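Descriptive analysis of the structure
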Amino acid sequence: MGYKQHEWMREVLQVFSAMVENCAEPCLQVPSRLLEEADILSLSLAKIPGKIDLLEFKAVMLASLRSLLPKTWNSECEVAWTWLWENIQKMLKANLGKPPVQQKALRKFFMSIEDEQLAAYRTSLYTTFFGKCAQGQDYFKQSSTRLHFIADRMLMYTQDVFKDPKDVMESLSALGLRHVGYGIPTELFGPFVSSAIECFRGMTKDEQQEEAFRWSLNLISRVLVRTITEGSTLVMRAINANCAKMLRKAVSCAPRGLRAEWMLKVQVGTQSISPLLWSIQSGSLEAAQAILVDLLTIRADRDHYYYAMDALFNRHPDIVRRIGEDGPELLPTLLDGLIWRSRNTSNATRRVNFFIKYLVVDPKNGFSQSFRDVVAHGSPSIACHPSVVLAADILWSNVVAYTFLKSKLWFLLNLVVFVVTMAILTDYSDTASSASLLGMFIGRTFMYVFGLGQLVTRHFFRIFRACRNKEIARYYCFPIPSYLIHFSESLSMLLCLSLGVMLCQEPVVHCLGMHTLSDAQFAQFGGQCAEAAALIPSYSSFAFLATLVYFLLLLDLTVFSTKLSTFVLVCGRMVQEVAQYLFALSFVVLTFACGLASSDVANEHFSEILPAMLSLSRIMLGMFSSEEFQYLEEEPKLLLSVSIFVICTTIFLLNLLIAQLNCAYLGIFKDMLGYARLNRGSVILDNIPHVSQKRWKAFVDSLKMDEKLEFSEGDIGIAGGLQVLEPASANPVTTDSIKRYGGSTSPDCQWPETATDLDSEDKIDRLEKIIDKAVKKIIKGTKANKGSSGSSNSQLAGTSSSLGESMNE
Ligand code: HEM
């Protein structure tokens, strides 16, 4: 028809279905939603250049409808659609041409307004609003700066609505849903908007500006009110009240097929809000817990099982992180919900279904984000939760252990070569055999080329990356690349430095081209020359340090056994206590050494500070011989001082250390297993990227998580987990956690109410009321009969019998 170039028609078409669907609101003369859509459309049309002839759309619309519905189309349809479009046209015409003028007027107003005037406006807006509607104060309880911020945002929206109507409508829908979360009654919008307009009127005499402000704020308010009305579900109301019981009642009305969706999604237009996330973010944790429990309860009719684990993790793949950040006390509820234990036992074992699919894989079968979040959360108790333990163990034993060991093989080879070269083949005497010298030369070449070479390259790239990404941390004021914060990384750096210093002092290198002590030996790579002889003491010290670091790095391998890893962690934590003890010890040794050196002691071992320190240390370590002790007896002053020293160090400080270690051990041991598991979790996260796609796919396939698990023989249940058998006595179960219902099996039906939670809660409520009534009676009775104990007793007896009666009811 040649209308393709009419861009405005595309705009109309985008909202046309919403207009048609909302054209009939029975109680209103002008349907409010239709008016709202028409107003928004008029804003969008104002952005399109060129002439707009609305009659053309009518012609196109009718022609298309006639040709699309040739059989059903009749004169009644013609009348109805013509009526609809004429109404829309009337609404659009009322605004046509106005938005640009209004936008200009508002811009002029906001350009001319002073900051003081704006501040006065913000204050008077709330004063006027509270004057009109005192109830508003119960909602606007925030600090005035926050209230001013809200007023500014409101003013901003009134301008933006002209600039970019579509974007603003999107953000208004989201804002409206947040107002649902704040629990704002829609009746308050009228007084709020009229206060805003009233205060605006006080600032301008220009009627066009006032009209522009009134029109745009009205539109904003209508969009907000509609979103609130559509978004205020029973679940959201229960969340606002933070009441678990209300929430359970709210979802009990949901069709069983939509029950999970009621708790996971409230959709208004293109925007949606998650009741679960909102309850967590807004601190309604009681409601959030009730939602989690409900979602992770297995319900069943004869035909289907209902369990919302998939829905939960698909809607919120980051649920573990969100809960960990905003409501960590809910994490055990979430993880408990992933476990089902059978009530029946067989051969002293019990079936346990762990629905841990999303702790192992993500919805696209990649590595699980939730597992990352559990490790990042860093809570030892969560790391020891059975669901997390099983997920970690499966990942570790089936995929990561092999990759980890492979990555450590190179390190192990380096360690072996280093130890063999430095501790077995290296001989600093002149009598070394030529075979051992050759072996030493080859070993050292390997150490520097492969061991040191690899370390230098690795750290160079990591430091470069850290600097480029500005990942710098401060350690006692010194800036260091943040990856070095990890103990094993800093050890690896220390090893790299030690090997580097060893290379600089390498005797073989220093003897090259020098006149050797023995030409024959140098020819056999001994490196024995006068220049190198002076370097040997410091070279061997660094060799000693490098050996220690090599062995310390070997501790990474303890991750293979959680028990061993726990023990290493415990030792690590204890180092701090021992360091304190050593500090105190050094202080006492120095004190006594200085004291003895400054007195008139004749014994040569104590007459100067350094020998005295050495002797005192030897005494404390039990390395002083009995002859040496005999010399002390010759000088009573010296003997007395040494005795006091022994009391201070060996008796007092040593026992204090033991007591301290005891207490610290008791305090930390219960967490250490969790930390060991977290450590294994970090190793899993570090190594997962190195697992090949093929291996990962084979692993995921081998788990068969898409196959349904049996609840009992022949009762095929739900997929998404693994079944294990645990000893029947480990976790006794007295009631089946699956809630089974008879009756209709249609997903559109609600779950029938049975004598379950709701009833038992009502009973508890009733019992509470009865106890309340009885307590009041007792108090009243005791007051009335203060003087007479006899009558008081009878009163008490009477009350208790009434309590008994009411409880029997
Ligand atoms: C046209 C009308 C309104 C507009 C444009 C508006 C706009 C806003 C905006 C932009 C925010 C900040 C949102 C956020 O950061 O999450 C907000 C928050 C809020 N609004 Fe409104 N609002 C309007 C009406 C009302 C009314 C009538 C009430 C109730 C008396 C109300 C109560 C609140 C509350 C309680 C907050 C939360 C403040 C906080 O948590 O710090 N709003 N509003």
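Residues numbered from 1 in each chain as written. Predicted model: local features only at pLDDT ≥ 70, side-chain atom pairs only at ≥ 80, totals over all residues. Heavy atoms only, no water.

Regarding the pattern of salt bridges
Counted according to the given criterion, the structure contains 32 salt bridges. The shortest N-O distance in the salt bridge between Asp-39 and Arg-222 comes to 2.7 Å. One end of the pair, Asp-39, is in helix 2 (residues 32-46); the other, Arg-222, is in helix 10 (residues 207-231), and 183 residues separate them in sequence. Between Glu-726 and Arg-341 there is a salt bridge, with its nearest N and O atoms 2.9 Å apart. Remark: Arg-341 occurs in strand 5 (residues 339-346) and Glu-726 occurs in strand 11 (residues 722-727); sequence separation between them is 385 residues. (Salt bridge = Lys/Arg side-chain N within 4 Å of Asp/Glu carboxyl O. Helix = DSSP H or I, 4+ residues; strand = E, 2+ residues; numbered from the N terminus.)

With respect to the nonpolar core
Judged by nonpolar contacts, the single largest core of 127 residues is most densely connected at Phe-213, Leu-295, Leu-312 and Trp-696. With 11 residues, the single largest contributor to this core is helix 22 (residues 386-425). Of the residues that make up this core, three or more belong to each of domain 2 (98-232) and domain 3 (233-337). Of all hydrophobic cores here, the second largest spans 25 residues; its members include Val-12, Leu-41, Leu-62 and Trp-85. (Core = buried A, V, L, I, M, F, W, Y, C linked by side-chain atoms within 4.5 Å. Buried < 20%, exposed > 50% of the residue type's maximum accessible area, 1.4 Å probe, protein only. Domains from an automatic or database assignment.)

Digging into the site of the ligand
Around the ligand lies a shell of 17 residues, among which Phe-140, Arg-146, Arg-178, His-179 and Tyr-182 are the nearest. Between the ligand and His-179 there is a distance of 3.0 Å, counted from a nitrogen atom to a side-chain nitrogen or oxygen. Elements represented by at least two residues in the shell around the ligand include exactly helix 7 (144-163), helix 8 (165-182) and helix 9 (189-201). The class makeup of the residues in the shell around the ligand is 12 nonpolar, 2 polar and 3 charged. (Near = heavy atom within 4 Å. Polar contact = N/O pair within 3.5 Å; in protein donor to acceptor, adjacent residues only side chain to side chain. Nonpolar A, V, L, I, M, F, W, Y, C, P; charged D, E, K, R; others polar.)

Re the UniProt feature "transmembrane region" (unreviewed entry) in the protein
Under the present numbering, the feature "transmembrane region" (unreviewed entry) in UniProt falls on residues 409-426, 438-461, 482-503, 542-560, 581-599 and 638-658. Span residues 581-599 is 95% helix and 0% strand, its end C-alpha atoms 27 Å apart. Helix makes up 100% of residues 638-658 and strand 0%, and the two end C-alpha atoms of the span are 29 Å apart. (UniProt positions renumbered as here; feature names shortened; annotations may be inferred.)

Quick look at a nonpolar patch on the surface
On the surface, a cluster of nonpolar side chains totalling about 360 Å² of accessible area is made up of Trp-410, Leu-413, Val-449 and Phe-450. Listed by contribution, the elements that provide at least two residues to the nonpolar patch are helix 22 and helix 23 (434-468). Here Val-449 is to be found in helix 23. A residue is classified by how much of its surface remains accessible, and Val-449, at 51% relative accessible area, is exposed. (Patch = residues over 30% accessible without salt bridge, like charges linked within 9 Å, V, L, I, M, F, W, Y side chains within 5 Å. Areas by Shrake-Rupley, 256 points an atom, 1.4 Å probe, with all protein chains shown as cover.)

Looking at the domain arrangement of the protein
Along its sequence, the protein is carved into domain 1 (7-95), domain 2 (98-232), domain 3 (233-337), domain 4 (426-560) and domain 5 (757-808). Here the C-alpha centre of domain 3 lies 33 Å away from the C-alpha centre of domain 2. Counting from both sides, the interface comprises 14 residues of domain 2 and, opposite them, 12 residues of domain 3. Buried surface at the junction of domain 2 and domain 3, summed over both partners, amounts to about 1,000 Å²; 62% is from carbon and sulfur atoms. The largest share of the area that domain 2 buries against domain 3 comes from Glu-170, Leu-177 and Ser-232, three residues that together contribute 44% of it. Linking domain 2 to domain 3 there are 0 salt bridges. One can count 4 residue pairs in polar contact (both at pLDDT 80 or more) joining domain 2 with domain 3. Only helix 8 and helix 10 provide two or more residues apiece to the side of domain 2 that touches domain 3. Per-element tally for the side of domain 2 that touches domain 3: the top contributor is helix 8, with 8 residues. In terms of residue class, the side of domain 2 that touches domain 3 is built from 4 nonpolar, 6 polar and 4 charged. (Contact = heavy atoms within 4.5 Å. Buried area = accessible area lost by both parts, 1.4 Å probe.)

Here we look at the packing of aromatic side chains
Under the criterion given, the structure shown has 38 aromatic pairs. Plain terms: the ring middles of Tyr-307 and Phe-355 are 5.0 Å apart, the flat faces sit at 55° to each other, and that makes the pair tilted. Remark: Phe-355 occurs in the loop between strand 6 (349-354) and helix 19 (357-360) and Tyr-307 occurs in the loop between strand 4 (305-306) and helix 16 (309-315); sequence separation between them is 48 residues. Its relative accessible area of 13% is what places Tyr-307 among the buried residues. Note on Phe-355: relative accessible area 1%, which makes it buried. Ring geometry for Phe-418 versus Tyr-550: centroids 4.9 Å apart, planes at 45°, classification tilted. Taken together, the positions of Phe-418 in helix 22 and Tyr-550 in helix 28 (residues 536-554) put the pair 132 residues apart, joining distant regions of the chain. (Phe/Tyr/Trp six-rings, centres within 6.5 Å; stacked < 30°, edge-to-face > 60°.)

What to know about the coordination of the iron atom of the ligand
Protein coordination of the iron atom of the ligand is limited to a single donor, His-179 (NE2), positioned at 2.2 Å. Structurally, the position occupied by His-179 is in helix 8. (Donors = N, O, S within 2.8 Å, 3.2 Å for Na, K, Ca; no water.)

Overview of the UniProt feature "domain: Ion transport" (unreviewed entry) in the protein
Summarizing the sequence annotation, UniProt attributes the feature "domain: Ion transport" (unreviewed entry) to residues 538-661 in the numbering used throughout. Split by type, residues 538-661 is 80% helix and 0% strand. Its first and last C-alpha atoms lie 35 Å apart.

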